[in-house]
Amino acid sequence: MNHSSSKAGASREPNLPPYQVVLAETDWGSLQTAFGNGECLPKVLARLLEPDPKVQVTALSELSELVGHQNSIYEATAPVAMYVAGILAHPVAMTLRPYRNVPIRATLLNWLVSTAYDASDEIVDRTEQYFPGFLTHDTTLAAFRDLRPMLYRAVAPFLQDSHADVREAAGLAALILAEHPALAQRRDHLAVHARRILDTSSDAPNRRVAWKALEAWGHDVSDIEPFQEEPWDCGPHSDGRGDLEPPF
């Protein structure tokens, strides 16, 4: 893997605690998931470090249901995201997914993309538009959004990864996380990655994220056909277990 030596990789954002610390020191049983408390989460998270990629992807799919059900943010979502971000540099993240030559690292990053998008400015603004005041007292969502600079620091080294799928997933995650005001100084650098996604990606939701970021940051996007507003469930979401079976 090719880590970037750019300023994006050597950022001043706060460091994530080691994933082992997140796992050991989080009071999982006290945290809400979509289906009760998070007592089961340590075992699910530990399976992400198994050498079998099918076990890893199945664990990510379970996490999507437990802490991302119906595109929502739960109390346990934040520490789970910290753990996932914390293992991006682990050697096991280089395991290749079944039936494709793509490292699990790309899948971990896409999971972070999906989760970050569910707490993005676009989703928050749209929720406030249709349900005024609904998020006013949502401290769980606010706490997750406060983590964005820390998550960004874990993602940034992979913006120049040698694998195209990892680069695209890291770029998407960075674009969404950089909505945080503390990351405003990173946006000019990230515009290059947004343009790269627009030029090379075949995934319409991913290209829309890149276009929206450039537009929001004041870049000229007149040379790109505008993207229509999509339904809430058409953002960039993790592919989960969709390719665990051989292609037809």
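Just so it is clear, the model here is predicted, and its values are computed rather than measured.

S.K.: A description of the confidence of the model for the protein chain should follow, citing residues and the corresponding values.
M.R.: Across the protein chain, pLDDT averages 88, with 86% of residues at or above 70. A low-confidence stretch, residues 1–10 stays under pLDDT 50, and its non-local contacts, those more than four residues away or across chains, total 21 contacts. Overall, residues 241–248 carries pLDDT values under 50, and its contacts beyond four positions in sequence, including any with other chains, amount to 15 contacts.

S.K.: Got a sec to walk through the packing of helix 7 (residues 139–146) against helix 8 (residues 148–155)? Specific residues and values, please.
M.R.: At a closest axis distance of 5 Å, the pairing of helix 7 and helix 8 adopts a crossing angle of 40°. Comparing the axis directions of helix 7 and helix 8 gives the class oblique. Here F144, R145 and D146 of helix 7 come into contact with helix 8, specifically with R148, P149 and L151. Broken down by class, the residue content of the contact of helix 7 with helix 8 amounts to three nonpolar, no polar and three charged.

S.K.: Got a sec to walk through the nonpolar core? Specific residues and values, please.
M.R.: Judged by nonpolar contacts, the single largest core of 76 residues is most densely connected at L48, L63, V80, W111 and V155. Discounting chain neighbours no more than four positions away, the residues touching L63 are L41, V44, L45, L48, G68, V80, V84 and W111.

S.K.: Got a sec to walk through helix 8? Specific residues and values, please.
M.R.: In terms of residue burial, helix 8 counts as a mostly covered element, since seven of its eight residues are buried. Within helix 8, the full set of buried residues consists of R148, P149, M150, L151, Y152, A154 and V155.

S.K.: Which residues make up the packing of aromatic side chains, and what values go with them?
M.R.: In the structure shown here, the tally under the stated rule is one aromatic pair. On the basis of an interplanar angle of 85° and a centroid distance of 5.6 Å, the ring pair of Y19 and Y83 is categorised as edge-to-face. Highlighted residues: Y19 in helix 1 (residues 19–25) and Y83 in helix 4 (residues 77–86), separated in sequence by 64 residues. Assessed through its relative accessible area of 1%, Y83 is described here as buried.

S.K.: Break down the environment of L109 for me, citing the residues and quoting the values.
M.R.: Among the structural elements, L109 can be located in helix 5 (residues 104–117). Along the backbone, L109 and A169 are 60 residues apart, and their C-alpha atoms lie at a distance of 5.6 Å. Residues contacting L109, with those up to four places away along its chain left out, are L88, V155, F158, V166, A169 and A170.

S.K.: For the environment of L88, give the residues involved together with the corresponding values.
M.R.: Looking at the element boundaries, L88 is found in the loop between helix 4 and helix 5. Each C-alpha atom, one on L88 and one on T107, is 10.0 Å from the other, the two residues being 19 residues apart in sequence. Not counting residues within four places of it along the chain, the set of residues in contact with L88 comprises A93, R105, L108, L109, L112, A154, V155 and F158.

Here is what the cut-offs are and how they apply
- Per chain, residues are indexed from 1 in the order of the written sequence.
- Totals for whole chains, interfaces and linings use all residues, but because this is a predicted model, local features are given only for residues with pLDDT of at least 70 and pairs of side-chain atoms are given and counted only at 80 or more.
- No hydrogens and no water enter the side-chain calculation; it runs on all heavy atoms of the structure.
- Residue-level confidence of the predictor is summarised by pLDDT, bounded by 0 at the bottom and 100 at the top.
- Only heavy atoms enter the contact rule, under which two residues are in contact if any of them lie within 4.5 Å.
- For helices, the fitted line uses only the C-alpha atoms of the stretch in contact; every axis is such a line through C-alpha atoms, and the angle between N-to-C directions lies from 0 to 180 degrees.
- Put simply, DSSP H or I for four residues or longer makes a helix, DSSP E for two residues or longer makes a strand, and each gets a number counted from the N terminus.
- These descriptions rest on fixed angle ranges, namely under 35 degrees for roughly parallel, over 145 for roughly antiparallel, 65 to 115 for roughly perpendicular, and the rest for oblique.
- When residues are sorted by character, Ala, Val, Leu, Ile, Met, Phe, Trp, Tyr, Cys and Pro go into the nonpolar class, Asp, Glu, Lys and Arg into the charged class, and all the rest, Gly among them, into the polar class.
- Here, the term nonpolar core denotes a set of buried Ala, Val, Leu, Ile, Met, Phe, Trp, Tyr and Cys residues that are joined through side-chain atoms within 4.5 Å.
- Each residue's exposure class comes from its accessible area (1.4 Å probe, protein chains only) as a fraction of the maximum for that residue type: buried when under 20%, exposed when over 50%, partly exposed otherwise.
- Any two of the Phe, Tyr and Trp rings considered here, Trp counted by its six-membered ring, make a pair once their centres fall within 6.5 Å; the pair's planes then place it as stacked at under 30 degrees, edge-to-face at over 60, or tilted in between.

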